[in-house]
Amino acid sequence: MASQNIAVFGVLTLSLCCFCYGGVVTVDLNGNWTVRDENRGISVTGKVPGNMYTALMESNMIHDPYYRKNDEEYRWISRDDWSYSRTFQVTSEMLGQNTLELVCDGLDTVAVIFINGHVIGQSDNMFVRYIFNIKQAAVVGTNTIKISFKSAVKYAAQQAANGEYVVPPECPVPSYHGDCHANMIRKMQSSFSWDWGPSFPTQGIWKSIYVRSYNHGVISQVTTETILGSDNNWTLKTEVFMDIPDGQNTSGNLEIRLDGTPVTHQEPISLTRDNCSVSISIAIPKTVPIKMWWPNGHGNQTLYKLYTFFTSTNGQEMSGKKIDIGFRTVEVVQDFVSANQSQGRTFYFRINNKPIYFKGSNWIPADVFLDRVTPDYVNELLQAAADVNMNVLRVWGGGVYEMEELYEAADRLGIMIWQDFMFGCAMYPVHESFMDSVASEITYQVRRLKHHPSIVIWSGNNENEKALIQSWYNTDANFTRYKSDYLTLYKGLMAPLVAREDSSRPFILSSPGNGVESLQEGGVATEPWSELYGDIHEYKYLLPFYLDGTYRIPRFSSEYGLQAYPSYETLKKVYAPEDLTYWSDLNDYRQHHPAGNVELMAEISMLFTLPNSTDPNQRFKDSIYLTQITQAVGIKAETEHYRRWQNRLDESGRGNTMGAMYWQLNDIWQAPTWASLEYGGQWKMLHYFARHFFAPLLISPYMDGDDVYVYLVADHIPVVEDRHPDTHRLTFRPDYSTGLGKVRGLGLSGQLHIVMYSWNNSTPLHSWVQQYSLNETSELVFHNNTLDMMKEAGCIQGKNFCFLFFHLGDPGNEPVAWQPLTEYKSVVGLKNSVVQVVDVQQTTTDKQVYNITVTAGSISVFVWLDAHDIRGRFSDNGFLMVTSKKLVQFYASEPTDVSSLRIALTVRSLADVYH
């Protein structure tokens, strides 16, 4: 039946209902299905999209899979084969049309599909959209559909057993508590476990599923490229892909409209199933004022709606699609940094012809049960990234190509996406059926995602080149074979396929890798972790993580990190009371990183005295707090190190570091991980620190021996490349041609205040003022010997008694920074200051924002506010108090009131651990 509420750009579909628009009839099959364990005969009602675990949970057949060791207790679920079945209606009108199809946007993963008992197709790839012709199997009236899934664990094991040779790694390390052969199936790799997540290899219908009928053709995908010519005119290249009936020629009129502009295009088209796309380039006149899309912090995120319409020649069938696009250009610049080519090549991004420093993190699946991930939650996590000045996230290659809402949020917020293809930490088979499946996957996903301006690069895999060369999985035992497989998959198949589908973005074979240098070495570099090329992944667990000298000086760091525990409240949801101590069996089980809990204690001991409360539960809470501090301090030190090196080179050519993306943004479950956002979205201390170390204007001090160095980093200003005429060395400097000049309001010139305090007194010992005027985007503005400074300030007891505080004006206004002169465990005089919340007031402008006044009796460091079970975040946290009072705002994510918030709030500082 016809609907009056169908938008002009698409087909409206509702569960159990049939809708017709311009001759295309769609029956939505989302909703309730019967989910059956084919091994045990268990049947429950389950939602689609969904999987067998969430179906069992919703039917109260199992408890929370994340609770305690339920990943072990429920391992039988993934070993059994499950089926999904239901009925649906087909009208005579639908069966009478040329095409009747079942469209499966996502099947997880290996399945046989039946209509009325007839096999109509199979699936073996979670990342592919499957379309099956069901006309011969369907009948008018009631039809049955059954999708019989095979255990992913059993299937992967069979694929490995049937292979001609071992494709490593066969199994994860024991501490992952995972399943084997994840690389043998095209499925979310981390669903077999990772060092930050559990093993729950799902089966089910994880995306929408529907039946449709039509006579002529349906627009399936629309891709775009925005091309800026040398004359600064834009060309919009649009490719429209259509699903065409078998054996049919489809003719009609195609119309393209760019909303909000006079740009429109119409032309007749004639397509077949084998020739089912049309590419149209539209030159946009200079009279049309196109506004560009910019990354967060660099300009507006202007988006345009692009409408495409197809009308069949007889006018009886119409199809349409709407996408949001942005006009922007992107390139990865990999030029030699100097005339001495042995000093390597740059690796940085130009967006709209401007060099952009990449500040961000890495994204993993937000839940192992993907149907539990809501668009609202995805928006919350991406908003949290934007709120701390991030402009990029890497969608990591062991998860999934994410839901549309993630990329839409990234488009809207200016969060650039570094998009990995889903190959991570493994070698992969290259037999014909696997390669055919991968080719379908890459083609579908590039076409699905290409129109998003936020996506700025495609990357073939996560860490596989490095794993191959360093023999992480004993690849040396058959290196020639594994290298050949690697090149066959990424260089032979993926690179040309991506180039064919998308000429508007760069593609790299691997991350980390040496970029173009890897290609010049045949596709596999001798040292794909070089500081002089491409990007690196950097982890420094058992070295002094808080010292600048610990870290290398790469061109780009796309992964680096330290672990920390999530909050006590988050763990309490999945721990039993007896588990809530640091050395409990469950807490050890939850730590998937080998020897991770010992490592965390070692990191704490480098900077602090270990917690010593006689109450094991309190000692656990103190340990959690200290792991969050060490994580925040370490990632701050490393990030600022990278930002300081953005516009200079050392004598060996290291430097021009133009990207810092720490591992990782979000969590998949409640456990110790590298994330800055806990499972559920609560901010760890690291995330609060990120707002400062990714700030547009940064004061960045560090110690080298007894000397202190202070840099100002101001990458919020326009930046240009500057190559020295004699040395040919490339640096980055402010672009004063914009007319901004050295404007005090932009922070390009002014006064840096350096203040020395003793730890036991909030009255400054001494202060210095340094004039600065920035000529570089990162510039040393102060350097002195701290022993001389202590002598001048009267800090005669030693470095353990004093610290430095930095600000640019009012010490209560950002940016500010502080620098201890020694490790905190050696600090003398840090009193057990009474830090307390003295006032909570609701703001008059926003009822979900509360002003909180915190007071401290003396110097207090790592002051931590917690609202516990009231969801929300603070304007600042983990901060230093050198004054007796500080105003902090709380942004509530759910309804609350002053009284409830006041009761829930707690505050602590470092001194509380040792009182």
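Because the structure is predicted, anything quoted here is derived from the model rather than measured.

Colleague: Can you help me understand the overall build of the chain in this one?
Modeller: Within the chain one finds 18 helices and 49 strands. Relative to the compact-globule value of 29 Å for 915 residues, the chain shows a C-alpha radius of gyration of 29 Å, a close match. Its C-alpha atoms give the chain principal-axis dimensions of roughly 95 × 70 × 65 Å. When contacts within the chain are restricted to residue pairs at least 6 apart in sequence, long-range pairs at least 24 apart make up 69% of them. Here the chain displays about 32,900 Å² of accessible surface, and carbon together with sulfur accounts for 49% of that area. Between the averaged position of the 73 positive side-chain charges in the chain and that of its 98 negative side-chain charges there is a distance of 2 Å.

Colleague: How should the nonpolar core be read in this particular structure?
Modeller: Generally speaking, nonpolar side chains in soluble globular proteins are found buried as a group. Counting 207 residues, the largest nonpolar core has L102, I147, I209, Y824 and F862 as the members making the most contacts within it. Looking at this core element by element, the count peaks at 10 residues for helix α15 (residues 616-644). Contact partners of I209, with chain neighbours within four places excluded, come to D28, L29, N30, W33, V48, L102, V103, C104, I145 and I147.

Colleague: Sorry, what's going on with the sheet that holds strand β34 (residues 698-704) here?
Modeller: Paired through backbone hydrogen bonds, the strands of a sheet run either parallel or antiparallel to each other. Strands sit in the order β34-β35-β40 across an open sheet of three strands; the sheet is antiparallel. The open sheet has two free edges, formed respectively by β34 and β40 (778-785), since each of these has just one partner strand. The mean angle between the axes of side-by-side strands here comes to 20 degrees, regardless of whether they run parallel or antiparallel. By the bridge criterion, seven bridges tie strand β35 (residues 707-713) to β40 in an arrangement that is antiparallel. Residue pairing across strands places V708 opposite N784, the latter belonging to β40. Sitting on the sheet, α15 is in contact with β34, β35 and β40, with an inclination near 105 degrees to β34. Running at roughly 60 degrees to β40, helix α17 (residues 786-793) makes contact with β34, β35 and β40 of the sheet.

Colleague: Just to check I follow, could you spell out the environment of E638 for this structure?
Modeller: Turning to its location among the elements, E638 is positioned in helix α15. When residues no more than four places from it in sequence are discounted, the contact partners of E638 are E538, Y551 and Y560. At a separation of 2.6 Å, a polar atom in the side chain of E638 contacts the side chain of Y642.

Colleague: Just checking my understanding: could you explain the side chain of K466 for this structure?
Modeller: On the secondary structure map, K466 appears in helix α9 (residues 464-470). No salt bridge is formed by the buried K466; its nearest oppositely charged neighbour, E538, is found at 6.3 Å.

Colleague: Sorry if this is basic, but what is going on with the packing of helix α6 (residues 375-387) against helix α7 (residues 404-413) here?
Modeller: When two helices pack together, their arrangement is given by the angle between the helix axes and the distance between those axes. Where α6 contacts α7, the two axes come as close as 9 Å, and the packing angle between them is 35 degrees. The interaxial crossing formed by α6 with α7 has right-handed handedness. Residues P375, V378, N379, L382, Q383 and A386 of α6 lie in contact with α7, whose contacting residues are E405, L406, A409, A410, R412 and L413. A per-class count over the contact of α6 with α7 returns eight nonpolar, two polar and two charged.

Colleague: It is not clear to me how the pattern of salt bridges should be interpreted in this structure. Could you clarify?
Modeller: Where charged atoms from two side chains of opposite charge approach closely, those side chains can pair. Under the criterion given, the structure shown has 41 salt bridges. R75 serves as the salt-bridge partner of E72, at 3.3 Å between the closest nitrogen and oxygen. Look at E72 and you get partly exposed, because its relative accessible area is 35%. The salt bridge partner of E531 is R654, with a shortest N-O separation of 3.1 Å. You can see E531 sitting in the loop between α11 (516-520) and β31 (536-538) and its partner R654 sitting in the loop between α15 and β33 (659-662), a full 123 residues away along the chain. Here R654 falls in the partly exposed class, since its relative accessible area comes to 25%. Overlapping salt bridges, with partners in common, bring together E101, D105, R129, R212 and D243 in one network.

Colleague: So what exactly am I meant to see when it comes to the sheet that holds strand β9 (residues 118-123) here?
Modeller: The six strands lie next to each other as β4-β3-β5-β11-β8-β9, forming an open sheet whose pairing is antiparallel. If you trace the sheet from one side to the other, it starts and ends with β4 (43-48) and β9, each paired once. The mean inter-strand angle of the sheet, taken between neighbouring strand axes irrespective of direction, is 30 degrees. Here strand β5 (residues 82-90) pairs with strand β11 (residues 141-149) via eight bridges, running antiparallel. Its bridge partner lying in β11, Y84 is registered against I147.

What counts, and where the lines are drawn
Residues numbered from 1 in each chain as written. Predicted model: local features only at pLDDT ≥ 70, side-chain atom pairs only at ≥ 80, totals over all residues. Heavy atoms only, no water. Helix = DSSP H or I, 4+ residues; strand = E, 2+ residues; numbered from the N terminus. Rg over C-alpha atoms; globule rule 2.2 N^0.38 Å. Contact = heavy atoms within 4.5 Å. Areas by Shrake-Rupley, 256 points an atom, 1.4 Å probe, with all protein chains shown as cover. Lys, Arg positive; Asp, Glu negative; His and termini not counted. Charge placed at Lys NZ, Arg CZ, Asp CG, Glu CD. Core = buried A, V, L, I, M, F, W, Y, C linked by side-chain atoms within 4.5 Å. Buried < 20%, exposed > 50% of the residue type's maximum accessible area, 1.4 Å probe, protein only. Pairing = 2+ DSSP bridges. Axes fitted to C-alpha atoms, helices over the stretch in contact; angles between N-to-C directions. Polar contact = N/O pair within 3.5 Å; in protein donor to acceptor, adjacent residues only side chain to side chain. Salt bridge = Lys/Arg side-chain N within 4 Å of Asp/Glu carboxyl O. Left-handed = near helix turned anticlockwise from the far one by under 90°. Nonpolar A, V, L, I, M, F, W, Y, C, P; charged D, E, K, R; others polar.

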